[in-house]
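Inside the fold
The lines below spell out each chain.
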Number of protein chains: 2
Amino acid sequence: MEPLVEALKKLSPDLLDVMQKRYEILHSISLMAPIGRRALAASLGMSERVLRSETEFLKGQNLLSADVSGMRLTEEGHELLHTLHDWMREALGLKELEAALQRKLGIPRAIVVAGDSDRSPWVKKEMGRACVACMKELLEPGDIVAVAGGTTMAAVAEMMTPDAKLRDVLFVPARGGLGEDVENQANTICAKMAEKAMGRYRLLHVPDQLSDEAHASLVEEPAVKEVLELIQSCRMVVHGIGDAVTMAKRRKTPPAEMGNIIARHAVAEAFGYYFNEYGDVVHKVKTVGIQLEHLPHVEHVIAVAGGASKAKAIRAYMKRAPHSLLVTDEGAAKAFVGE
Amino acid sequence: MEPLVEALKKLSPDLLDVMQKRYEILHSISLMAPIGRRALAASLGMSERVLRSETEFLKGQNLLSADVSGMRLTEEGHELLHTLHDWMREALGLKELEAALQRKLGIPRAIVVAGDSDRSPWVKKEMGRACVACMKELLEPGDIVAVAGGTTMAAVAEMMTPDAKLRDVLFVPARGGLGEDVENQANTICAKMAEKAMGRYRLLHVPDQLSDEAHASLVEEPAVKEVLELIQSCRMVVHGIGDAVTMAKRRKTPPAEMGNIIARHAVAEAFGYYFNEYGDVVHKVKTVGIQLEHLPHVEHVIAVAGGASKAKAIRAYMKRAPHSLLVTDEGAAKAFVGE
DNA sequence: GTATAGTGGGACATAATATGTCACACCGGG
DNA sequence: CCCGGTGTGACATATTATGTCCCACTATAC
């Protein structure tokens, strides 16, 4: 995209929404002319009143005219529509991608940022910012947020900023030790995010490798039990999605389990669960915290993952997360839609 | 200007205002950083609260950062400023021209439309539309509007549209016969404008060439006298500005008067008055209606004139019209500022 | 040391704007 | 003749922008 449009979007982000709305109105009128407001509003899925405001504006701009038979474009309106046609396709590329993702995945909302995090490291931060904005939009004071691990989640924590909406929000790690390096562990990221947000946090101190007996007794420890209960009652979960094999390697998974993961064709990973391309769980890391069965009962689930290489993993995981929000990037979204 | 920007402006006219405001804020911060809100608000001449809203937005966009010492641009902010620099100059060219005209002419408001009516006939219509928008902004129900003649005023009448704000507005011709062709006479244009506006109008039936006696007695006719009184009490005058010699020729001015006009170096003409380059009246067509002395007592005076060839005439006339609004075009404005 | 003038940020009432929801007058075709 | 479409006006309400305070904090000058 040309840098100018990029700059425009930065200085006036909702410009594109307005432009798109007006463009669609002109477009529809050009196709259905002459048409009345009510019929057009129904067709465009917007309320009659906002359509009326818009058409009155467009009429003032001499782009359309209205008489008793309905509205139609003026000559100038047709010209403008033609001028805008190509540009809108490009400028609205991301919005189109978002719409396509929402449709294909059957999820309520997808957010696509420009770039490809496989190729440009800063795109991950951009996703982080988008995710933070999304969190701030959904969170209420007093909420509990469960945060998973991974490099993408680290970027989210990195981009977190304080906000009045985050007042009294409590951050907790989503699950116990998954075998990651310390800087990508849920505990670390949870603490970092909370600090950046000026919020409170609680950590889950559960070693990676434990015998079943030790595990069972640790869970009964009051300090651990309390945090686990907080996690269970969280109102939001934020997590990344990984490529199954990559994640398994990074976690130095024992050969036996690794064989299982490969043999059962796992392609995606999220907070310790491994999924095959159909979204079936084929392996899970045994630890405490959020379990997959809990997710449907959590108000807001945000999945963050980008990069063309992760498109397959995202597709696989999202099959089992119909009410999750997805924050991704252009690279992944295009690989997705292009399939 | 590239057609895309043209289209953007058409579809979202106040976009440029927002862009300009935000651009100026970024620009000022880049120069004065670190600087606080209050000092910056004073420097930019905007209220602290709106500046605060803007800076909060820009901070959210990651274009500037704030700490206890004040605000400064981020790296991204600097880059965006650089990207926008050239484009803003072009996009805001008209606004700059308006500001320059207001300054140079000492008038409260100048409106500049794109193009040059000398070269593109449609620019006159564009001026007409701008003039109509301006009239609608200023008029109140029940107002009386005096309308002069000329081809430019014909374009204004052409572009007039009905409006709730024009309810019960009465249109009257500014002055009696000036020797023009019928389609450019004030009477004709007045009637046309009123019809397009769905408003009422009164006409002034005074033949061009009359003896002084006939003239004096006609003015005492009740029908004429009533209209003249309406004209005297008008709250708005809208008129064009012409090149003196061109207008004199078009009006088939008798050789004696023509000689006078040329000998005294008349350059501008407006509603029957001829002005030299210093704004002095060097000749006037003797007829009834608005006289030059009335203008200072009229709330709103709008002068409409465009085309590079008219720049000198506009300058000359506007010297004596310090509280007039001016609607002009890029061609005239550039010729003006370039002088 | 302290006084001071600057900083950003929070809070709240009010103005301005957008929107939802009606009712009305009109016109053309069954 | 009426019915379903049209645009337009009107008004209450939700939403947003703005004006006007205040506060805590921190550099800096003294």
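Residues numbered from 1 in each chain as written. Chains lettered and ligands numbered in written order. Predicted model: local features only at pLDDT ≥ 70, side-chain atom pairs only at ≥ 80, totals over all residues. Heavy atoms only, no water.

- Per its UniProt entry, chain A bears the Sequence similarities (unreviewed entry) comment "Belongs to the SorC transcriptional regulatory family." (UniProt positions renumbered as here; feature names shortened; annotations may be inferred.)

1. Examining the protein's contact with DNA strand D
- As a matter of local geometry, DNA strand D sits amid 16 residues, with A:R37, A:R38, A:R52, A:K59 and B:S47 nearest to it.
- Each atom of DNA strand D within 4 Å of the protein was assigned to sugar, phosphate or base; sugar and phosphate come to 49%.
- A distance of 2.7 Å separates a base nitrogen of DNA strand D from a polar atom in the side chain of A:R38.
- Between DNA strand D and B:R49 there is a distance of 3.2 Å, counted from a base oxygen to a side-chain nitrogen or oxygen.
- Of all the secondary structure elements, the ones that give two or more residues to the surface near DNA strand D are helix 3 (37-44), helix 4 (48-60) and strand 2 (70-73) of chain A together with helix 4 (48-60) of chain B.
- For the surface near DNA strand D, the class distribution of residues is six nonpolar, three polar and seven charged. (Near = heavy atom within 4 Å. Polar contact = N/O pair within 3.5 Å; in protein donor to acceptor, adjacent residues only side chain to side chain. Helix = DSSP H or I, 4+ residues; strand = E, 2+ residues; numbered from the N terminus. Nonpolar A, V, L, I, M, F, W, Y, C, P; charged D, E, K, R; others polar.)

2. Examining the packing of aromatic side chains
- Going through the model one piece at a time under the given rule, you end up with five aromatic pairs over all chains.
- The interplanar angle of 70° and the centroid separation of 5.8 Å between the aromatic rings of B:F271 and B:Y273 together place this pair among those described as edge-to-face.
- For B:Y273, a relative accessible area of 2% translates into the label buried.
- Ring pairing ties together the aromatic residues A:F271, A:Y273, A:F275 and A:Y317, which thus form one cluster.
- Above the ring of A:F57, the side-chain terminus of A:R22 is found at 4.0 Å from the ring centroid. (Phe/Tyr/Trp six-rings, centres within 6.5 Å; stacked < 30°, edge-to-face > 60°. Buried < 20%, exposed > 50% of the residue type's maximum accessible area, 1.4 Å probe, protein only. Lys NZ or Arg CZ within 6 Å of the ring centre and 35° of its normal.)

3. Thoughts on the sheet that holds strand 5 (residues 170-173) of chain A
Residue and element names in this part refer to chain A.
- Spatial ordering of the open sheet is given by 3-13-12-7-4-5-6, a layout of seven strands whose pairing is parallel. Each edge of the sheet is formed by a strand with only one pairing partner; in this case those strands are strand 3 (109-113) and strand 6 (200-201).
- The pairing of strand 7 (residues 236-240) with strand 12 (residues 300-304) spans five bridges and is parallel. Looking at the pairing, H239 lines up with A303 of strand 12. (Pairing = 2+ DSSP bridges.)

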